[in-house]
2 protein chains.
Amino acid sequence: MRTLIVGGVAGGMSAATRLRRLDESAEIVVFERGQYVSFANCGLPYYVGGVIKNRSDLLLQTPESLASRFRLDVRINREVTSIDRRERTVTVRDTLTGDVSTETYDRLILAAGASARAAPSGLTTSTLRTIDDVDHIESVLSARPEGATAVVIGAGFIGLEAVENLVHRGVHVTLVELSGQPLTPLDPEMAAPLLATLQEHGVDVRLGTTVLGASAGNLVLALSDGTTVDADLVIDASGVHPDTSLAAQASLRIGASGGIWVDETQRTSDPFIYAVGDGVQKTDAVTGEPLLVTMAGLANRHGRAAADSIAGQPEPAAPALGTSIVGLFGLTVALTGWSEKRLVAAGRAHRIAHTHPASHAGYYPGAETMSMKLLIDSETDAILGAQIVGGSGVDKRIDVIATARAGGLTASALTRLELAYAPQFASAKDPVNQLGYVADNLRAATSRNIQWHELAGALAAGAALVDVRNVGEFDAGSIPGAINVPLDDLRHRLADLPPGSLIVHCQVGQRGHTAARILAQHGFDVRNLDGGYRTWLAGDS
Amino acid sequence: MRTLIVGGVAGGMSAATRLRRLDESAEIVVFERGQYVSFANCGLPYYVGGVIKNRSDLLLQTPESLASRFRLDVRINREVTSIDRRERTVTVRDTLTGDVSTETYDRLILAAGASARAAPSGLTTSTLRTIDDVDHIESVLSARPEGATAVVIGAGFIGLEAVENLVHRGVHVTLVELSGQPLTPLDPEMAAPLLATLQEHGVDVRLGTTVLGASAGNLVLALSDGTTVDADLVIDASGVHPDTSLAAQASLRIGASGGIWVDETQRTSDPFIYAVGDGVQKTDAVTGEPLLVTMAGLANRHGRAAADSIAGQPEPAAPALGTSIVGLFGLTVALTGWSEKRLVAAGRAHRIAHTHPASHAGYYPGAETMSMKLLIDSETDAILGAQIVGGSGVDKRIDVIATARAGGLTASALTRLELAYAPQFASAKDPVNQLGYVADNLRAATSRNIQWHELAGALAAGAALVDVRNVGEFDAGSIPGAINVPLDDLRHRLADLPPGSLIVHCQVGQRGHTAARILAQHGFDVRNLDGGYRTWLAGDS
Ligand SMILES: Cc1cc2nc3c(=O)[nH]c(=O)nc-3n(C[C@H](O)[C@H](O)[C@H](O)COP(=O)(O)OP(=O)(O)OC[C@H]3O[C@@H](n4cnc5c(N)ncnc54)[C@H](O)[C@@H]3O)c2cc1C
Ligand SMILES: Cc1cc2nc3c(=O)[nH]c(=O)nc-3n(C[C@H](O)[C@H](O)[C@H](O)COP(=O)(O)OP(=O)(O)OC[C@H]3O[C@@H](n4cnc5c(N)ncnc54)[C@H](O)[C@@H]3O)c2cc1C
Ligand SMILES: CC(C)(COP(=O)(O)OP(=O)(O)OC[C@H]1O[C@@H](n2cnc3c(N)ncnc32)[C@H](O)[C@@H]1OP(=O)(O)O)[C@@H](O)C(=O)NCCC(=O)NCCS
Ligand SMILES: CC(C)(COP(=O)(O)OP(=O)(O)OC[C@H]1O[C@@H](n2cnc3c(N)ncnc32)[C@H](O)[C@@H]1OP(=O)(O)O)[C@@H](O)C(=O)NCCC(=O)NCCS
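Everything numeric here is computed off the predicted structure, so don't read it as measured data.

**Student:** Pulling in residues and values, what's your account of the site of ligand 1?
**Tutor:** Surveying the vicinity of ligand 1 reveals 32 residues, the closest of which are Gly11, Glu32, Asp278 and Ala296 of chain A together with Tyr421 of chain B. Residues lining ligand 1 come from chains A and B. Glu32 of chain A is positioned with one of its side-chain polar atoms (N or O) 2.6 Å from an oxygen atom of ligand 1. Arg33 of chain A is positioned with one of its backbone polar atoms (N or O) 3.1 Å from a nitrogen atom of ligand 1. Coverage of ligand 1 by the protein chains reaches 93% of its 990 Å² of free accessible surface. Those elements giving two or more residues to the shell around ligand 1 turn out to be helix 1 (10-22), strand 2 (27-32), strand 4 (78-84), helix 5 (157-168) and helix 8 (296-310) of chain A.

**Student:** Requested: an account of the pairing of strand 29 (residues 526-529) of chain B, with residues and values cited.
**Tutor:** Residue and element names in this part refer to chain B. Pairing between strand 25 (residues 449-450) and strand 29: 2 bridges, direction parallel. Within strand 29, the position partnered with Ile450 by the bridge is Leu529. Sheet topology note: the strand 28 (residues 502-505)/strand 29 ladder contains 3 bridges and is parallel. Residue pairing for strand 29: Val504 is matched across the bridge by Asn528. Handedness of the crossover is the feature at issue here: the chain leaves strand 28, passes through helix 14 (residues 510-521), returns alongside strand 29, and the resulting connection is right-handed.

**Student:** Describe the sheet that holds strand 1 (residues 2-6) of chain A, naming the residues involved and giving the relevant values.
**Tutor:** All names here are of chain A. Here 5 strands make up an open sheet; going across it, the order is 3-2-1-7-17 and the pairing parallel. Only two strands of the sheet have a single partner each, and these edge strands are strand 3 (73-76) and strand 17 (273-275). With direction set aside, neighbouring strand axes in the sheet form an average angle of 15 degrees. As paired elements, strand 7 (residues 107-110) and strand 17 share 3 bridges and run parallel to each other. Along strand 17, the bridge assignment pairs Leu110 with Ala275.

**Student:** An account of the nonpolar core is needed here, citing residue identities and associated values.
**Tutor:** Counting 158 residues, the largest nonpolar core has Leu166 and Leu374 of chain A together with Leu166 and Leu374 of chain B as its most contacted members. Here Leu374 of chain B is in contact with Arg351, Ile352, Ala353, Ile383, Gly385, Ala386, Ile401, Ala411, Leu414, Leu435 and Ala439 of chain B, once residues within four sequence places are set aside.

**Student:** Let's hear about the packing of helix 1 (residues 10-22) of chain B against helix 8 (residues 296-310) of chain B: which residues, and what values?
**Tutor:** Residues and elements named next belong to chain B. Running from amino to carboxyl end, helix 1 crosses helix 8 at an angle of 40 degrees, the nearest separation of the two axes being 7 Å. Where helix 1 crosses over helix 8, the two elements pack in a sense that is right-handed. Residue-level contacts link Ala10, Gly11, Ser14, Ala15, Arg18, Leu19 and Leu22 of helix 1 to Ala299, Asn300, Gly303, Arg304, Ala307, Asp308 and Ile310 of helix 8. Class assignment for the residues of the contact of helix 1 with helix 8 results in 7 nonpolar, 4 polar and 3 charged.

**Student:** I'd love a proper account of the site of ligand 4, names of residues and values included.
**Tutor:** Taken together, 30 residues surround ligand 4, and among them Gln510 and His513 of chain A together with Thr17, Ser38 and Arg304 of chain B come closest. Between ligand 4 and the protein, one listed contact pairs an oxygen atom with a side-chain N or O atom of Gln434 of chain A at 3.2 Å. In the environment of ligand 4, an oxygen atom lies 2.7 Å from a nitrogen or oxygen atom belonging to the side chain of His513 of chain A. Taking 970 Å² as the accessible area of ligand 4 by itself, protein coverage stands at 90%. When grouped by side-chain class, the residues that make up the shell around ligand 4 number 14 nonpolar, 12 polar and 4 charged.

**Student:** Now, about unusual backbone geometry: what can you tell me, with residues and values included?
**Tutor:** Residue and element names in this part refer to chain A. One non-glycine residue, Arg71, lies in the positive phi region at around 50 degrees. Its place among the elements puts Arg71 in the loop between helix 3 (63-70) and strand 3. The class of Arg71 is partly exposed, set by a relative accessible area of 40%. In this structure, Arg88 takes a positive phi of about 55 degrees despite not being glycine. Relative to the helices and strands, Arg88 resides in the loop between strand 4 and strand 5 (89-94). Note on Arg88: relative accessible area 28%, which makes it partly exposed.

**Student:** How would you sum up the relation of the copies chain B and chain A? Please name residues and give values.
**Tutor:** It takes a turn of 180 degrees to lay chain B on chain A, together with a shift of 0.0 Å along the axis; the resulting RMSD is 0.0 Å. Look at the turn and shift together and you get a two-fold axis relating the two. When C-alpha positions in chain B are compared against the rotation axis, the closest is assigned to Gly407 of chain B, at 2.0 Å. Interface overlap between copies is the fraction of interface residues in one copy that are interface residues in the other; for chain B against chain A it reaches 100%, indicating a shared surface.

**Student:** Break down the environment of Arg405 of chain A for me, citing the residues and quoting the values.
**Tutor:** Residue and element names in this part refer to chain A. Position of Arg405 among the secondary structure elements: in helix 10 (residues 394-406). Taking the C-alpha atoms as reference points, Arg405 and Gly43, separated by 362 residues in sequence, lie 29 Å from one another. Aside from chain neighbours lying at most four places away, what touches Arg405 is Ala285, Val286, Leu321, Ile383 and Leu384.

**Student:** Tell me about the domain arrangement of chain A, and please be specific about residues and values.
**Tutor:** All names here are of chain A. Once the domains are mapped, chain A shows domain 1 (2-115 + 241-310), domain 2 (131-238), domain 3 (330-443) and domain 4 (449-540). Both sides of the domain 2 and domain 3 interface together cover about 1000 Å² of buried area, and 62% of this is carbon and sulfur. The largest contributions to the domain 2 side of the interface with domain 3 come from Leu186, Asp187 and Met190, which together make up 50% of the buried area. Where Lys373 meets Glu189, a salt bridge forms, and the shortest distance between an N and an O atom there is 2.7 Å. On the surface where domain 2 and domain 3 come into contact, there are 9 residue pairs in polar contact (both at pLDDT 80 or more). When contributions to the side of domain 2 that touches domain 3 are tallied by element, the ones reaching two or more residues are helix 5 and helix 6 (188-200). With 5 residues, helix 6 is the single largest residue contributor to the side of domain 2 that touches domain 3. Residue composition of the side of domain 2 that touches domain 3, grouped by class: 7 nonpolar, 3 polar and 3 charged.

**Student:** Can you lay out helix 4 (residues 131-143) of chain A for me, pointing to particular residues and giving the numbers?
**Tutor:** In an α-helix there are 3.6 residues to a turn, and that puts residues three or four apart on one side. All names here are of chain A. With 13 residues, helix 4 should reach 18 Å at 1.5 Å per residue; the first-to-last C-alpha distance of 18 Å fits that figure. Ile131, Asp133, Val134, Ile137, Val140 and Leu141 are the residues of helix 4 that are buried. Residues of helix 4 that are buried in the fold lie against helix 2 (44-48), helix 5 and strand 15 (233-236).

**Student:** Please give an account of the side chain of His354 of chain B that cites residues and values.
**Tutor:** Residues and elements named next belong to chain B. By secondary structure assignment, the location of His354 is in strand 22 (residues 350-355). Since its relative accessible area comes to 2%, His354 is described here as buried. In terms of polar contacts, His354 uses its side chain to reach the side chain of Gln451, at 3.3 Å. For His354, the contacting residues outside a window of four places in its chain are Glu189, Met190, Met372, Lys373, Gln451, Trp452, Val508, Asp530, Gly531 and Thr535.

**Student:** Break down the sheet that holds strand 20 (residues 324-328) of chain B for me, with residues and values.
**Tutor:** Residue and element names in this part refer to chain B. Within the open sheet, the 5 strands sit side by side as 20-21-24-23-22. Their pairing is antiparallel. One side of each edge strand has no neighbouring strand; the edge strands of this open sheet are strand 20 and strand 22. Averaged over all neighbouring strand pairs, the angle between strand axes comes to 10 degrees, with direction disregarded. Pairing of strand 21 (residues 331-337) with strand 24 (residues 383-390) involves 6 bridges; the strand directions are antiparallel.

**Student:** Describe the packing of helix 14 (residues 510-521) of chain A against helix 1 of chain B, listing the residues and the values that go with them.
**Tutor:** Running from N to C, helix 14 of chain A and helix 1 of chain B point in directions that differ by 45 degrees, and their axes come no closer than 8 Å. Taken as axis vectors, helix 14 of chain A and helix 1 of chain B run oblique relative to one another. The residues of helix 1 of chain B that touch helix 14 of chain A, namely those facing His513, Thr514, Arg517 and Gln521 of chain A, are Arg20, Arg21 and Leu22 of chain B. Here the contact of helix 14 of chain A with helix 1 of chain B is composed, by residue class, of 1 nonpolar, 3 polar and 3 charged.

**Student:** Please give an account of the interface of chain B and chain A that cites residues and values.
**Tutor:** The interface of chain B with chain A comprises 81 residues on the first partner and 81 residues on the second. Carbon and sulfur atoms supply 54% of the area that chain B and chain A bury against each other, a total of about 7100 Å² over both sides. Across the chain B-chain A interface, the total number found is 14 salt bridges. At the boundary of chain B and chain A, one finds 34 residue pairs in polar contact (both at pLDDT 80 or more). Elements with a contribution of two residues or more to the side of chain B that touches chain A: helix 1, helix 3 (63-70), helix 8, strand 20, helix 10 (394-406), helix 11 (431-443) and helix 14 of chain B. Counting residues per element, the side of chain B that touches chain A draws most heavily on helix 10 of chain B, which supplies 9 residues. For the side of chain B that touches chain A, the residue count by class is 37 nonpolar, 20 polar and 24 charged.

Cut-offs used in this document
- Residues numbered from 1 in each chain as written.
- Chains lettered and ligands numbered in written order.
- Predicted model: local features only at pLDDT ≥ 70, side-chain atom pairs only at ≥ 80, totals over all residues.
- Heavy atoms only, no water.
- Near = heavy atom within 4 Å.
- Polar contact = N/O pair within 3.5 Å; in protein donor to acceptor, adjacent residues only side chain to side chain.
- Areas by Shrake-Rupley, 256 points an atom, 1.4 Å probe, with all protein chains shown as cover.
- Helix = DSSP H or I, 4+ residues; strand = E, 2+ residues; numbered from the N terminus.
- Pairing = 2+ DSSP bridges.
- Right-handed = clockwise from strand over helix to strand, strands pointing away.
- Axes fitted to C-alpha atoms, helices over the stretch in contact; angles between N-to-C directions.
- Core = buried A, V, L, I, M, F, W, Y, C linked by side-chain atoms within 4.5 Å.
- Buried < 20%, exposed > 50% of the residue type's maximum accessible area, 1.4 Å probe, protein only.
- Contact = heavy atoms within 4.5 Å.
- Left-handed = near helix turned anticlockwise from the far one by under 90°.
- Nonpolar A, V, L, I, M, F, W, Y, C, P; charged D, E, K, R; others polar.
- Least-squares fit on C-alpha atoms with pLDDT ≥ 70 in both.
- Domains from an automatic or database assignment.
- Buried area = accessible area lost by both parts, 1.4 Å probe.
- Salt bridge = Lys/Arg side-chain N within 4 Å of Asp/Glu carboxyl O.
- Expected span 1.5 Å × (residues − 1).
- Parallel < 35°, antiparallel > 145°, perpendicular 65-115°, else oblique.

Given below as structure tokens:
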């Protein structure tokens, strides 16, 4: 059996190595149009920033190492240019010599990844996707050891990593982002700390802005906000789309999302052709709808799964949540599943819980505050998504929530997770348990909450706002219109409260919850401002 | 409705605060025989070590703060000495004056915790369980600012924390442990790094040893190994048992494990009496059998659950896994569920996977190696337990595995978890996914493995051992009897291999897996030494 693989990095090479382990006698040929295979795409930004010091650390395998260990026939500088499905052949072009040859296959795996969007016209941009890209960026930066300027287009995961690493290198960076916030998969109040962090680190952030054009060699860029900026380097991280060129040429089915359609065993509409990685369409774990997720974990897993299928032991793929994470100057941002804005756009009924717990027991030094948001299905109490921003411990909590979701646990069931506790690692009620308690109170209607963006409307409709923080906290900054009745005085000051609807709030939501319980039992119509002053402030910023 | 609560710390006070939130008009009285409530038991060792600097940080709440916020009637220095179930009263003794009074209840919650075992006779020991204990330890240590000596009895979680913190204070510590390893819930090969770490930090570890007696004032202790050791201080951390004294006096049902029997809603055999925390029996998540787990997370959760029950909204408790974690001089050790030794003792068929992955992508600086062990049900592929030892990222992985288990995910399903990956946090195949792959190969019989403790028997029965590491690794230390055929040479050297059963191994198991796949397909009867040389070495030590 002869299997050809197009693309020699995350998805393609994972398929190749697994296929070899399953089938010692298979003939396996990997075509890679670039000069490197099995490189650490995800490490590229950190090499630019000097965090990863040795370029060779990025090259996890070479054609030679793959040949000696896995008996793989890895051919670099070879681009597959077309597929003949009837003949089961592909055309291969040598990118150095231009020579063209034909190769036959019994099975074909497409793992060509994603393509960057076309650069804005008139602009010479770099992408940050390959070893060649970082070599180019390195040459520009070495030529300007001091005072270099860069424009990064796009404040997504890779754009943010590029910014951080350029700043590490002493480059003055302008970050241009079309939408109104960095990291658009986040809801706006969760993205607020990102913007603040970027600005604290001297990044010139231009939201709602695009690049219109540039002078020759990019020295001066014109932005849609009417300004111009200097740029020795322009990195386009504005997004990618699935590379479906070969699949389209071969008339394979393309999914509604624009990625190559595959079944649960990674098989395309042609039974002899499989596809994996950034080029393929995934299935959304929440709705079962078509979805694009361009993540290394899925590419690796689906690569292995394609090999399993070809070797005759298919394992159905799990749907995708899009769990992802990014570090930015010590801030960690992670998310899984759906956001509030996506739920709102889809008209799906949901509940929301915001909390701001400490990463570990407050009495043990070094705890850092994180902000968590949980999206919950109103009908089934299912976990629909989560977002977490903070420092240490963010990665742990997003993984626990993604795992709970994968195991079908409801939001309220998070209360019952038995997580590892010692004071330097967590709290006796872990932040995930605590988020579960908040969710459980919503489910049981023990509490009712109101979101930061609903507050103005509720106040306009006549509700009164009671800030139950202490006087010092209130004086240091409060929500316009709030009256201050500290929680510990509340029971004695019920008579001071206005009639009608009340909204209570504290700093993070926790004292507000106790206040709301007191007031509800005294007959008040009361809601707790979810996430308290902190979430409101983030949303308002 | 008048609810009395016995014990004012983790379980008792969690019940009290939740009950207040659910029922503003309830009468709630908490009796605590000590002078402090709501203190951070789990922080006590770190206060001894000077990590937690302020004694007041240990006191999370006071009777005053609990009165003003939760309208709780908290009575310290009050010991409940008996229960009259027929009259629904308890007898309370003032521990300062000796005065005795009677209090009536509609509902009673027992949250008296655990008791330390009786000290070996002739010995003046301290426990490390209360604020008074740390005040006493502090007074001994301040009186001997230099050269103080201590004996810690018991190398369990609290004993290890005590040792670490005494060493931080400059105390010379002897650790006396009856069993043959520290932290007996671990399997021996997983406990090996703990012993090494203790010894590296100058701790005199005496395994298989007990304290026989002491000279007056503990100055010299006689040990069962025939030696004597100096000790200004003896901390007994040899274990606790559920405090069932009140329950027994009132003839409440005591479970087979020795803890107070409760139903899933924390109700004892008396419908008006609830019990929570270290004093109660839990249900084992693996077998449904009676179990004792003395952990703060469960105490807090069950305290809240008792309040829910009393307020008429019972939530069935989840069974217990015993997830736990301890830090020791930078080493982190975590576990959940069953160990191999427990499974063997119970005669339960199981599979085992050991791995030694990096905490995050190897190409990103700072990754630390961890050792993981997964216990799997042979029939159902269910996750039965896990143990992890290492540095950063251990806490995350144990929580993910505990959550997967709670969600009913199988070991093979760990491969499909979509965990957050960026190179500073994880690997594209997270260690948990990777452990799933190993488990999945066992399930599918793609691989067969053999455990470190089975090796000697297999070799004696005639199997040959092939070390597939490179020559340098082999020369630096190898398993007696192994022949060295590096993986990358294996295909050319099949003729050099002895006939009959083969066992292959590498450093951690991963190259051994590829080697085993090659050999199996060439017709060899082959097994991979699980966890490789590293696990074998740990087990052998
Ligand atoms: C800078 C950067 C940072 C990232 N960080 C993260 C991260 O932190 N976490 C995360 O989960 N993901 C991250 N990713 C995404 C991750 O790298 C991708 O999801 C993953 O590599 C996709 O795998 P793939 O096999 O589909 O494509 P790729 O790994 O991109 O491999 C596709 C290969 O196919 C080759 N190819 C394309 N067409 C042809 C052809 N016709 N003939 C021959 N060869 C061809 C290409 O040259 C390319 O080498 C990052 C990506 C980048 C660029
Ligand atoms: C040093 C130390 C470190 C620990 N570290 C951890 C850790 O890292 N992680 C973890 O999960 N767990 C840890 N624990 C365990 C955790 O603290 C317990 O599981 C938890 O406190 C049990 O809660 P409880 O309410 O059952 O008992 P406790 O919190 O012990 O409270 C019981 C209270 O009841 C009082 N009492 C008893 N009898 C009477 C009576 N008759 N009348 C009035 N009052 C009475 C006692 O004085 C005591 O204050 C640690 C424990 C200790 C001692
Ligand atoms: C590295 C690469 C070539 C894949 O190689 P691979 O050998 O399939 O993958 P890994 O090195 O992760 O090893 C996984 C295998 O080792 C096995 N394994 C891991 N630890 C083991 C252990 N301790 N004992 C036994 N087996 C073990 C796994 O079961 C798996 O084998 P299987 O697939 O047969 O089940 C491919 O992923 C690649 O090119 N990656 C670089 C590009 C990339 O991923 N970029 C994006 C991220 S930066
Ligand atoms: C602290 C103690 C008094 C319990 O107080 P508590 O108020 O019940 O518990 P917490 O402070 O964790 O707060 C949890 C409550 O806040 C709510 N909450 C937390 N964050 C919230 C937020 N952001 N928004 C709304 N509600 C929030 C939770 O839902 C929960 O309320 P509920 O029980 O009504 O659902 C008790 O656990 C104790 O005495 N602990 C010290 C001893 C101890 O635990 N020792 C062992 C570990 S060292």
